[in-house]
Structures are given as C-alpha cells and as structure tokens.
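# Results of the structural survey
Each chain, written out:
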There are 2 protein chains.
Amino acid sequence: MYRVWLSIMKKSGSDGRTRERLSREAIAGGAVALADAEGLEAVTIRRLAQDHGVSPMALYWHFKDKDQLLDGIADRLFNDVDLPPVSTEPWPQQLRAVLQALLAALRPHPAVAGLVTSRILTSEAGLNIAERTLSHLRQAGFSPEQAAEIGSYLLGAVVTLVTCEPGQRHGEDDEAHEDAIRVKAASLGALSPRRYPNIIASSGALAACASPDAYYSLGLDMLITGVSGIATEAEAAS
Amino acid sequence: MYRVWLSIMKKSGSDGRTRERLSREAIAGGAVALADAEGLEAVTIRRLAQDHGVSPMALYWHFKDKDQLLDGIADRLFNDVDLPPVSTEPWPQQLRAVLQALLAALRPHPAVAGLVTSRILTSEAGLNIAERTLSHLRQAGFSPEQAAEIGSYLLGAVVTLVTCEPGQRHGEDDEAHEDAIRVKAASLGALSPRRYPNIIASSGALAACASPDAYYSLGLDMLITGVSGIATEAEAAS
DNA sequence: ACCTGAACACCGTTCAAGT
DNA sequence: ACCTGAACACCGTTCAAGT
C-alpha cells in the first residue's frame, strides 16, 4: 500500500521519470505513509528523498531540519481532524465528540500518533482543537488553569488510547504481526499461575484487542466520565 | 548532577583510573541519569561507553542491542515502583495507590517515562504492577477482557500524565527552561483573541504547571473516577 | 526558487581478536 | 567472562555550487 501511495505521488507508472514538484505537504504525506507501512524508525530524510526520487538535501529546502519535518507530520494529522460544529448539546457530549474526532484522525496512523502530543500548540490546526477542548472545559465550570491541565491531559490521553491499544502493530506486515500476537499471548499464558493469575486470565486480550471499536468507545467513556466526575466535585466544593 | 552521578559511579575522583566493573544495572542507571540531564536523544551507546570510560563495544556484552538497553532502562524504572501492600480497602482506593506508586517512580524521569508503556509485560517488575492493576479491576467487576483493555489504558495514562505535564522540561538546564516557558506563554498570549480566547486565558497554565502536585492528584482522581463510572455502568447493565 | 554533490561528524552494529 | 580495534552501513546536516 505504501507502493500504491508512491506511484500515485509520482503520477506515472514504474517507468515514470516525471515526478510532482516537491512540497511540504507531499513530503509529510510520504512520511506518514512510510511510517504506516514500516514504522516511524523507517522515516529518514534519506529514505524519503530516495522514495521521492530526489537528493536528500532537497528536503532541506522545505524543512529546516528533521524536527520540523516531524512538526509537519503532526500538522498533517491535525488537519485530518474533522471538528464537529459547536452545538447546544451539553458540554460532555460536545467534548466527547471533539476527542472522538481527534481519535478518528489518529487511529489510522498509530506509528506517528505519538508525535502530536507535544505539538498541539505549535500547529495551526492543533490550536483549533485545543481551543475547542478548553472552551468545553470552561463550560464545565473549570478555571482557565484547571482547563489547561485537564485539556493537556485529555488530548494526551487520546493519543495514549491509540498507542496503548493491546496488540497495536508497529509497522510489520500482517502475517508477522499475527505471529507476534500469538507468541505474546502464549508467553503470557506460560507465566506462573500462582504469581500472575490475572495476567494469565487476560493473556489473550493483552496480546490483541478483540474489538478495537468497543475499546475506543469505552476509553472515551472513561475520559468523559472522569472529567464529569471531577467537574461535579469542583462544583460541589465551590 | 549528572557529573555527580558519574563520579559516584567511578568511585574515585577526577583522576580516577579505577572504575567499577560494568554491569547491566550500572549501564541502565547511567542511561537514566544521562537522560534526566540531557534528554533521551543524548542516550547513545557511544556516549554511555565514553562516560563509563569504556569502549562502545563493551556495552554489547551486557545488552544485545540498543533496544535491550532501553528495556533495561524501563526495567529499572519499574523496580523503583514501591507497590503498596494489598489491603481490605475498597478497590478504587487500592487501584489509585498502585497508579500513584507508578507515578511516583516516573515523575523524576520524564525523559524516559515514555519507554515503559510498551514494556510493562516484558519486565519482571512490570508484570507485578500489571498483575495488581488487573486484580483490582477484576474486583471492580470487569471481565478479564475488559480488565486487559482498561488496565493497558490506565498504565499508559499514568505515563501520559507525566509526559503531558504542562511545561515539562526536556533535558535543558534550568535557566534555558524558564526562558522557554516565558517565550511559550508569550507566544500563546499573542494569538488572535477572537479565534483563541480560551487558549489566551489559559496561556500561562499551558506553558507551565503552577502546582504539579495538584495536577497529578487531579489526574489520578480523573482516572479513578472514570473507571468507577464505567464500572457501575457495567454493573447496572448486567 | 528549487535542487545537487561532496564532505563532516555522528550513529548502531559485526567480527575477529585480545586477556 | 569481559573487553578492545578496526571496519561497515547508515544517519542528519553544512556549504558551496548549479539551474
């Protein structure tokens, strides 16, 4: 599928000498596709340049250094977020919808999801997500300071949901991935039943997620329930 | 402070030719201290070897490759966790105490905290933490499958709390860090008030955490409240 | 404005060899 | 058992130069 992406980008077949003009977007897009296929450690200036049919130094025209390239990847993910319109619904539902939108954008790209945590406030699109999150937290009655802390945590927690999904793949092909899951479940199941009875009972579910959709839905519920809980506490205390 | 660690390790002064025998523990300890001082990107096989007064290849006797070295760092953090004894308290308090113990071990080492997420089930000490977490979740009435998903998330969320603490330093010295915070607060404060009113209101708190203790306490409350909430939901549904 | 070639300092890692 | 030296393939990045 990475090869498909490549050929689209190059706009002509395997013999195609002609290639698209390089751009920040094309490079970041290629980086995401490469990370999806082979993991973040495969995303290298030299490798990206090679796949674009260009010299490594060409990328330095578009990005000051590799860190800015990673910023570009994060920015691309934030731009994939389809923020729900503000409505008259109660804040918990609206906040949940915002987090769910972020989640939906990150789920297809677990290998690069971790990049966004530290970059929300340095990305144009990320700022919009943060602003919406803070506004719903203010609706809940939190102070600007509390909203900042809780908001930072919530956005990070969405990333955590994605990167902690049991059996999350890390850029191997499908068969190798299934093998790894089977091996992991077996090794957990072979632990001492006296010392680790609960790990053994959960070994299958720890090695792979039976229903990712249910997992993510439960995760969002936990987040919103948690915020609602401390919101009412704070309200009762004031 | 990293220099202090170095001199202790070498057991003699600046002229000391004699050094401790190398060991997995000494190497992992040095790696943590180095990451604390200069960030995870400074943790390099060659740099560690140099600081230990040894050739880079010496480390390969103790660790198969760099990934195993990172495993060793995570293992060291898990061993710092002082797990509370099982008691007769209700499960939410006990679960909170377990998460708090993990949090206490990770807080001093934000640069390497992220390493633990994927390594809990491959570390001896990590398995104990996971087992305790799962056992309290089973007490709460969750199935082994639910416990696996929720437990994975909870342990990851503790890491998230540490790495998402607003203004979390990343291995700079103190003055540079305070400068960075001031710059960040100022740049957030200079955003468009029409588009980002809430970010501006929270700009100070987004750039740096006023009271980390309060932040972490609130974070643990959110986690426990969230789990409790979906636990009673699950109970009510059954 | 956009890209290249050569070069530099740095990685992780292998392998044969030393004690 | 524990460590070294030389070598290899790979990084990110700079700088001067080409079009």
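To be clear, the structure that these remarks concern was listed above.
Residues numbered from 1 in each chain as written. Chains lettered and ligands numbered in written order. Predicted model: local features only at pLDDT ≥ 70, side-chain atom pairs only at ≥ 80, totals over all residues. Heavy atoms only, no water.

### Considering the overall build of chain A
What counts, and what does not: Helix numbering and strand numbering both begin at the N terminus, where a helix is a DSSP run of H or I of at least 4 residues and a strand a DSSP run of E of at least 2. Whether a residue is buried, partly exposed or exposed follows from its accessible area with a 1.4 Å probe, protein chains only, as a fraction of its type maximum: under 20%, in between, or over 50%, in that order. Values of accessible area rely on a 1.4 Å probe in the Shrake-Rupley scheme; residue burial ignores everything except the protein chains shown.
Counting its regular elements, chain A contains 13 helices and zero strands. Written out in order from the N terminus, the α and β elements of chain A read α-α-α-α-α-α-α-α-α-α-α-α-α. Expressed along its principal axes, the backbone C-alpha trace of chain A runs to roughly 65 × 50 × 25 Å. Split into buried and exposed, the 238 residues of chain A put 49% on the buried side. Per element, the accessible surface of chain A, about 11,500 Å² overall, is 53% carbon and sulfur.

### A closer look at the nonpolar core
Applicable threshold: Buried Ala, Val, Leu, Ile, Met, Phe, Trp, Tyr and Cys residues that are joined via side-chain atoms within 4.5 Å together make up what is termed a nonpolar core. Only heavy atoms matter for contacts: two residues are in contact if any of them lie within 4.5 Å across the pair.
By size, the foremost hydrophobic cluster in this structure holds 147 residues, and its most contacted members are A:Tyr153, A:Leu154, A:Leu223, B:Tyr153, B:Leu154 and B:Leu223. Residue contacts for B:Leu223: discarding those within four places in its chain leaves A:Tyr153, A:Met222, B:Leu99, B:Tyr153, B:Leu154, B:Ala157, B:Val158 and B:Leu161.

### A few points about the protein's contact with DNA strand D
Just so we agree on the cut-off: Any residue with a heavy atom positioned within 4 Å of a molecule or strand is treated as near that molecule or strand. Polar contact criterion, stated in full: a pair of N or O atoms within 3.5 Å, where within protein one must be able to donate a hydrogen and the other to accept it, and residues adjacent in sequence count only if both atoms are side-chain atoms.
In the vicinity of DNA strand D lie 16 residues, with A:Arg46, A:Lys66, B:Ser55, B:Met57 and B:His62 positioned nearest. Sugar and phosphate atoms represent 53% of those atoms of DNA strand D found within 4 Å of the protein. Separating a phosphate oxygen of DNA strand D from a side-chain N or O atom of A:Tyr60 is a distance of 3.0 Å. Secondary-structure elements contributing two or more residues to the surface near DNA strand D are helix 3 (45-51) of chain A together with helix 4 (59-62) of chain B.

### Observations concerning the pattern of salt bridges
Residue and element names in this part refer to chain A. So the rule is basically this: We define a salt bridge as a contact between a side-chain nitrogen of Lys or Arg and a carboxyl oxygen of Asp or Glu at a distance within 4 Å.
What the rule picks out here adds up to 20 salt bridges over all chains. Arg 107 is paired through a salt bridge with Asp 213; the nearest N and O atoms lie 3.0 Å apart. Linking Arg 107 in the loop between helix 6 (91-106) and helix 7 (110-113) with Asp 213 in helix 13 (residues 212-237), this pair joins segments that are 106 residues apart in sequence. Accessibility expressed as a relative area gives 32% for Arg 107, which makes it partly exposed. Taking the relative accessible area as the measure of exposure, Asp 213 reaches 53% and is therefore exposed. Beyond isolated ion pairs, a larger network of salt bridges with shared partners links Glu 38, Arg 47 and Asp 51.

### Topic: the interface of chain B and chain A
Put simply, the test is: Take the accessible area each of two parts loses on contact, using a 1.4 Å probe, and add the two losses: that sum is the buried area. Throughout this entry, Asp, Glu, Lys and Arg are counted as charged residues, while Ala, Val, Leu, Ile, Met, Phe, Trp, Tyr, Cys and Pro are counted as nonpolar. The remaining residues, Gly among them, count as polar.
With 49 residues of chain B at the contact, the number on the chain A side is 49 residues. Among the residues chain B hides against chain A, the three largest losses belong to B:Glu149, B:Tyr153 and B:Met222. Together they make up 17% of the total. For the interface between chain B and chain A, the tally reads two salt bridges. Residue B:Glu124 is joined to A:Arg195 by a salt bridge in which the shortest nitrogen-to-oxygen separation is 2.8 Å. There are 13 residue pairs in polar contact (both at pLDDT 80 or more) connecting chain B and chain A. Among the elements of the structure, helix 8 (124-139), helix 9 (144-163), helix 10 (174-189), helix 11 (197-201), helix 12 (203-207) and helix 13 (212-237) of chain B are those that each provide at least two residues to the side of chain B that touches chain A. Among the elements that make up the side of chain B that touches chain A, the one with the highest residue count is helix 9 of chain B (12 residues). Grouping the amino acids of the side of chain B that touches chain A by side-chain chemistry returns 28 nonpolar, 12 polar and nine charged.

### Regarding the relation of the copies chain B and chain A
The two chain copies are connected by a rotation around an axis plus a translation along it. Put simply, the rule reads: Overlaid copies result from least-squares superposition on C-alpha atoms, with residues included only where pLDDT is at least 70 in both.
Mapping chain B onto chain A leaves a residual RMSD of 0.0 Å; the transformation is a rotation of 180 degrees accompanied by 0.0 Å of translation along its axis. As the rotation angle and translation indicate, the two copies are arranged about a two-fold axis. Residue B:Gly226 of chain B places its C-alpha closer to the rotation axis than any other residue of that unit, at 1.9 Å. A high fraction, 100%, of the interface residues of chain B reappear at the interface in chain A, so the copies pair face to face through one surface.

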